[in-house]
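Chain by chain, the residues run as shown.
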Amino acid sequence: MLLMRLPGVYRAQHDTSLLRTVLRRRGGVAGRSVLDVGSGTGALGIEAVRAGAASLTSVDLSLRSVMTSWLNSRLHGVPATVRRGDLFAPVGPRRFDLVLANPPYVPAAAPRPPRHRMARCWDAGPDGRILLDRICAGAPGVLNEGGALLLVQSGLADEHATLDRLDAAGLVPAVLARGRIPFGPVLRSRVRELRERGLLAPGQVEEELVVIEARHG
Ligand SMILES: C[S@@+](CC[C@H](N)C(=O)[O-])C[C@H]1O[C@@H](n2cnc3c(N)ncnc32)[C@H](O)[C@@H]1O
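Residues numbered from 1 in each chain as written. Predicted model: local features only at pLDDT ≥ 70, side-chain atom pairs only at ≥ 80, totals over all residues. Heavy atoms only, no water.

Draft legend 1. The arrangement of helix H5 (residues 159-168) in detail. Within H5 the residues assigned to the buried category are Glu-159, Ala-161, Thr-162, Leu-163 and Leu-166. Among the residues of H5, the N-terminal cap falls to Asp-158, whose side-chain oxygen and the backbone nitrogen of His-160 are separated by 3.1 Å. (Buried < 20%, exposed > 50% of the residue type's maximum accessible area, 1.4 Å probe, protein only. Helix = DSSP H or I, 4+ residues; strand = E, 2+ residues; numbered from the N terminus. Polar contact = N/O pair within 3.5 Å; in protein donor to acceptor, adjacent residues only side chain to side chain.)

Draft legend 2. Quick look at the sheet that holds strand E7 (residues 206-215). Read from one edge of the open sheet, seven strands run E3-E2-E1-E4-E5-E7-E6, paired in mixed fashion. At either margin of the open sheet sits one strand with a lone partner, and together these are strand E3 (81-84) and strand E6 (172-182). Along the sheet, successive strands turn relative to each other by an average axial angle of 15 degrees, direction set aside. In the sheet, strand E1 (residues 33-37) pairs with strand E2 (residues 55-60) via five bridges, with the strands oriented parallel. By the bridge assignment for E2, Val-34 is matched with Leu-56. (Pairing = 2+ DSSP bridges. Axes fitted to C-alpha atoms, helices over the stretch in contact; angles between N-to-C directions.)

Draft legend 3. Main features of the pattern of salt bridges. For the coordinates displayed, the defined rule picks out 13 salt bridges. Two residues, Arg-197 and Glu-193, come together in a salt bridge whose shortest N-O distance is 3.9 Å. The exposure class of Arg-197 is partly exposed, given its relative accessible area of 38%. The residue Arg-215 makes a salt bridge to Glu-213 at a minimum N-O spacing of 3.4 Å. Residue classification places Arg-215 among the partly exposed positions, given a relative accessible area of 37%. (Salt bridge = Lys/Arg side-chain N within 4 Å of Asp/Glu carboxyl O.)

Draft legend 4. Summary view of the site of the ligand. With respect to spatial proximity, 19 residues lie near the ligand, and among them Thr-16, Gly-38, Asp-60, Asp-86 and Asn-102 are the closest. At a separation of 2.8 Å, an oxygen atom of the ligand approaches a polar side-chain atom of Asn-102. For the ligand, whose accessible area on its own is 600 Å², the fraction buried by protein is 97%. Grouping the amino acids of the shell around the ligand by side-chain chemistry returns eight nonpolar, eight polar and three charged. (Near = heavy atom within 4 Å. Areas by Shrake-Rupley, 256 points an atom, 1.4 Å probe, with all protein chains shown as cover. Nonpolar A, V, L, I, M, F, W, Y, C, P; charged D, E, K, R; others polar.)

Draft legend 5. The arrangement of the UniProt feature "domain: Methyltransferase small" (unreviewed entry) in the protein chain in detail. Following the UniProt record, the feature "domain: Methyltransferase small" (unreviewed entry) maps to residues 6-106 here. Taken end to end, residues 6-106 is 34% helix and 21% strand, and its two terminal C-alpha atoms sit 22 Å from one another. (UniProt positions renumbered as here; feature names shortened; annotations may be inferred.)

Draft legend 6. Region of interest: helix H3 (residues 63-75). Helix length check: H3, at 13 residues, gives a terminal C-alpha distance of 18 Å against a target of 18 Å (1.5 Å per residue), a fit within 8%. Within the sequence span of H3, burial applies to Ser-65, Val-66, Thr-68, Ser-69, Asn-72 and Ser-73. Down the axis of H3, the buried side of the element spans an arc of 165 degrees, and every buried residue falls inside it. Where H3 is buried, its residues meet helix H2 (43-50), E2 and E3. (Expected span 1.5 Å × (residues − 1). Arc of directions from axis to C-beta. Contact = heavy atoms within 4.5 Å.)

Printed below as a string of structure tokens:
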């Protein structure tokens, strides 16, 4: 898929493509309303509309990402409502049949995600869970009955915590897919720190990506 990208916007990567593949294979998108939260280039939402989604809303905290999502949706002839803001806040009381999320999930030394800079696309606090936990807690409030959240994360950010939190929020979670990828530049630069913190096994050079589905009702 051809996507334009303003500087500072997350380039669609392995996590994006794993979630896109699951979306294609899983089906059940035709006629559904879709929310793409943390949309970046808009790749996931565009994939959903190509699979027949009836409507698409995209949200990102970054103005450049919002502009990029909007431009890519026009480039691909995909009607989309694009909003800037924090996670689910910009959609108000609206609910959706499908919520797609590839949030920041990389463990970082800083206790909070950065307010600016590219690192906002991946850094998510010491355990990598700042955004994941908020998505787990907030998802029931934006899902229609019978709807589902499809989320991708790294195994380094504790997939069991995600499954537990989704369950605690009243959703029914399951792992749909896994993929192993070599460390990218961000993880390569943090190997020593992550080993010292026990998040990486000695000799570990690959990261596991996990796609989790959580059904509402
Ligand atoms: C890993 S990138 C994923 C981008 C795109 N969905 C993809 O799969 O290629 C995470 C995105 O989340 C956005 N983001 C970070 N914190 C956010 C927040 N609190 N609310 C909304 N979006 C956020 C970043 O700007 C970035 O575009």
